[in-house]
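Residue-level structure breakdown
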Amino acid sequence: QIVILDFGSQYTQVIARRIRECNVYSIILRYDTPAEEIAAMQPKGLILSGGPASVYTKGAPQPDKAIFDLGIPILGICYGLQLVAQYLGGKVEKGQKREYGKGTLQVKDSFCALFANLPEKLQVWNSHGDKLTKLPRGFKSVAITENSDYAAIENHAKKMYGLQFHPEVAHTPQGREIISNFVHNICGCGKLWTMHSYIDQAVEAIRNQVGNEKVILGLSGGVDSSVAAALLHKAIGNQLTCIFVNNGLLRGREAKTVQEVFGRHFKIKLQYEDASNLFLKRLKGVTDPERKRKIIGKTFIEVFEAATKRAGKAKFLAQGTLYPDIIESVPIAGNPAAMIKSHHNVGGLPKKMRFQLVEPLKSLFKDEVRELGLELGLPREIVLRQPFPGPGLAVRILGEVTPRRCEILREADTIVVEEMKTSGWYYKIWQSFAVLLPVKSVGVMGDERTYDYTIALRAVESQDGMTADWVKLPYDLLEKLSSRIINEVKGVNRVCFDISSKPPATIEWE
Ligand code: XMP
C-alpha cells in the first residue's frame with residue numbers, strides 16, 4: 001500500500017483515488033502521523049500532499065522528520081515538494097504571482113522513472129503561490145515549466161521526488177501515468193487492489209467480526225446500503241436481516257424493486273415495514289422544511305427501532321459508511337475539507353442503540369463501491385443510480401405533503417427518470433428530478449380552462465453534492481419531458497426548468 005500524508009489539500013482524496021485506479025491500495029493519514037506508526041504499516045511508498053499553507057510561515061503543518069529516513073520512496077506534490085526541499089536544504093520563496101492553471105511541462109531527463117514512457121512535453125495543472133528557488137542537496141531538476149526551473153525534481157539514490165504541479169487532477173491529462181510510474185516502477189507495488197479481490201478479503205473480515213451472531217441492516221435501496229447488503233449476504237447469508245422502511249415518500253416502484261432484487265433474486269431475509277400512513281399522518285398540515293425533516297427523521301428511528309425488535313435479537317448493526325466519511329480532515333485555514341460536512345443525515349441512527357457496528361465499505365470510495373456492487377451481481381439500475389435524499393419526495397414537495405401531492409410528484413418523477421435514461425443523460429450527471437411547487441396557475445387543455453400545479457425540473461452536475469452546476473439539457477429533451485408530464489400527470493399544467501447553481505441555491509428545493 002501507499003500512504004498519503006494529508007497537508008490539507010483539496011485534492012488529497014483525488015490522489016488516493018488515482019492510486020487505487022492503478023490497482024494499488026492507498027490510505028490517507030494526517031500530516032503529523034508519527035514515522036513509527038507509518039513504518040509499522042509497511043507502506044511501499046509515501047506521498048506528501050499539497051496544502052494551502054506556506055512552508056516558511058510559523059505553525060505551517062510539518063511531518064515527523066523521521067519519515068525522510070524510513071528508506072521508502074517519497075513523492076512530494078506541490079506543498080509536499082516544498083517540504084522535501086525545505087528539509088533537505090533547498091530554498092522555497094514566495095513567487096512573483098500565484099501560478100494557477102494550465103502550463104506546459106518540458107521533461108529534461110527522459111531517464112527519470114517518473115516520466116517513463118511519456119512524451120517530452122506534457123500539459124500540467126498548477127496551483128501554487130510559493131516556488132522552489134534552490135535545489136535541495138542531492139537533487140536535480142528533471143522537468144521545467146514556463147515559470148519554474150524546478151517543476152519536477154529527483155534524488156535518484158534516495159528515491160525521493162517532487163512535483164510542483166498536480167498530477168492527480170484531470171487537467172493534467174497524463175498525470176495518471178506519472179502516478180502509475182511512481183507506484184509501480186519506483187515503489188514496486190503490484191496490481192493487487194481490485195474489487196474482485198476485495199470481496200474475498202471483506203468476506204473473511206466480516207465473518208471474523210460477526211462470528212455466529214445476527215446482523216441487521218437498514219436497506220434504503222440507495223447504492224451504499226444495497227452494496228453493503230449484497231456483500232454481507234455473501235459473507236453471512238441468513239445471519240443478515242435487512243429492514244426496508246416504506247415511509248410513503250419513495251419513488252414509484254422503489255419498494256417493489258427492492259423486494260424483487262433483494263428478496264426474490266438474492267434471497268436475502270428482508271423485513272418490509274410499510275409505515276407510509278404513519279409518516280403521512282404526522283406530516284399532515286406541516287409546511288416548514290426543517291420541521292418536515294425532523295418529523296421524518298424521528299419517525300424513521302421509531303419505526304426502525306421497533307422493527308429491529310421484531311427482527312429478533314441481533315448483536316450487530318451494519319452501516320454503509322464510506323471512506324470519505326471517516327477521513328479525518330486537517331484543521332487548518334484554507335482547507336475546504338475542514339468545512340462542516342453535509343448536514344443531512346436524517347437516516348442516521350442514535351448512538352444509544354445497543355448494537356456493535358459492522359461497516360464493510362468503510363475503506364472504499366464511492367466509485368469503488370459501485371464497482372464492487374457490479375462484481376457482486378447487483379443490477380446497474382441500483383449500482384449506478386443517482387443519489388436520493390433520505391426524507392424522499394417530502395423535500396421535493398414544497399409546502400404540505402399530502403397523499404395526492406405525493407402521487408402527482410411520483411408520476412412526474414417516473415417520467416423524468418424514464419426520459420433521462422432513454423436519452424442517456426441519467427448516468428452522465430449527478431442528479432435529475434422533479435419538484436412539485438405549491439403554486440397553481442391557469443392553463444387551457446382542449447376547450448377547458450385548467451387551474452393546476454407547476455412542476456420544476458432540476459438537473460445538476462456535481463462531484464460530491466457540495467457544489468453543483470445546472471446541466472444544459474438539450475431543448476428537445478426538455479420539450480419531451482414537459483409535454484409528457486403535462487399530458488400524462490393529472491393535476492399539472494405547467495413545467496419550469498431550474499437554472500440555478502449551488503451555491504447560492506441548493507440542489508434540493510427544501
Ligand atoms: P442540497 O440540497 O443540500 O443537497 O444541495 C446536497 C445533496 O444531498 C442530498 N440531500 C440529502 N440526502 N438526506 C440525504 O440522505 C437529506 O436529508 C438530504 N437532503 C439533501 C441531495 O439530494 C444532494 O445530492
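Numbering of residues starts from 1 in each chain and follows the order in which that chain's sequence is written. Selection of residues for local features in this predicted model requires a pLDDT of at least 70, selection of side-chain atom pairs for listing and counting requires 80 or more, and totals for whole chains, interfaces and linings are taken over all residues.

**Describing the UniProt feature "active site" (unreviewed entry) in the protein chain**
UniProt positions are given in the numbering used here, feature names are shortened, and annotations may be inferred rather than shown by experiment. Per the UniProt entry, the sites bearing "active site" (unreviewed entry) are Cys78, His166 and Glu168 in this numbering. In sequence the annotated residues extend across 91 residues, while in space they remain close, none of their C-alpha pairs exceeding 11.2 Å. For every residue pair, C-beta atoms are placed from the backbone, and the pair is scored as a contact if these atoms sit within 7 Å. With near-sequence residues (within four places) excluded, histidine 166 lies in contact with Tyr11, Gly50, Ile77, Cys78, Trp125, Ser127 and Thr172. A run of H or I in DSSP becomes a helix once it reaches four residues, and a run of E becomes a strand once it reaches two; helices and strands are each numbered from the N terminus. Within the fold, glutamate 168 resides in the loop between β9 (160-163) and α4 (175-186). When sequence neighbours within four positions are dropped, the list of residues in contact with glutamate 168 reads Tyr11, Val14, Ile15, Arg18, Gly175 and Ile179.

**Some thoughts on helix α9 (residues 289-310)**
Compared with an ideal rise of 1.5 Å per residue, which puts 22 residues at 32 Å, α9 spans 32 Å between its outermost C-alpha atoms and is within 8% of the ideal. In this fold, the buried residues of α9 make contact with β10 (215-218), β11 (240-246) and α8 (276-283). Of the residues trailing α9, glycine 312 is marked for its positive phi of about 95°. Helices are assigned an expected span. That span is 1.5 Å times one less than the residue count.

**Observations concerning the pairing of β10**
By the alternation rule, side chains of β10 split into Val215 and Leu217 and Ile216 and Gly218, which are all buried. Two strands are counted as paired when DSSP detects at least two bridges linking them. Pairing analysis gives 4 bridges linking β10 to β11, with the strands arranged parallel. Bridge assignment links isoleucine 216 to a residue of β11, and that residue is threonine 241. A clockwise course of the path from the first strand over the helix to the second, judged with the strands pointing away from the viewer, identifies a crossover as right-handed. Regarding topology, helix α6 (residues 223-236) serves as the crossover connection from β10 to the parallel β11, and that connection is right-handed. To sort residues by exposure, count the other C-beta atoms lying within 10 Å of each residue's C-beta; 20 or more gives buried, 12 or fewer gives exposed, and values between give partly exposed, all with C-beta atoms placed from the backbone.

**Regarding the domain arrangement of the protein chain**
What the domain assignment lists for the protein chain is domain 1 (2-186), domain 2 (195-383) and domain 3 (402-497). Taking only C-alpha atoms into account, the centre of domain 1 sits 46 Å from that of domain 3. Each domain's extent is set by a domain assignment, obtained either automatically or from a database.

**Describing the sheet that holds β10**
The 5 strands lie next to each other as β12-β11-β10-β13-β14, forming an open sheet whose pairing is parallel. The outermost strands of the open sheet, each flanked by one partner alone, are β12 (269-274) and β14 (356-358). With strand direction ignored, the average angle separating the axes of adjacent strands in the sheet is 30°. Pairing between β11 and β12: 6 bridges, direction parallel. In the sheet register, phenylalanine 244 faces β12, and the bridge partner there is tyrosine 272. Here an angle of 0 to 180 degrees is reported between the N-to-C directions of two axes, which are lines fitted to C-alpha atoms, with helices fitted over the stretch in contact. Strands β10, β11 and β13 (316-318) of the sheet are contacted by α6, whose axis makes an angle of about 160° with β10. The strands that helix α7 (residues 254-265) touches are β11 and β12; relative to β12, the one it contacts most, it runs at about 165°.

**Details of unusual backbone geometry**
A cis amide bond links lysine 502 with the next residue in sequence, proline 503, at an omega value of -15°. Mapping proline 503 onto the fold places it in the segment after β18 (492-497). Here proline 503 and proline 504 are connected by a cis peptide whose omega angle stands at 10°. Within the secondary structure layout, proline 504 lies in the segment after β18. One non-glycine residue, asparagine 23, adopts positive backbone phi at about 65°. The class for asparagine 23 is partly exposed, based on 17 C-beta atoms found within 10 Å. At glutamine 42, a position not held by glycine, the phi torsion is positive, near 50°. Residue class for glutamine 42 comes out exposed when judged on the 9 C-beta atoms lying within 10 Å of it.

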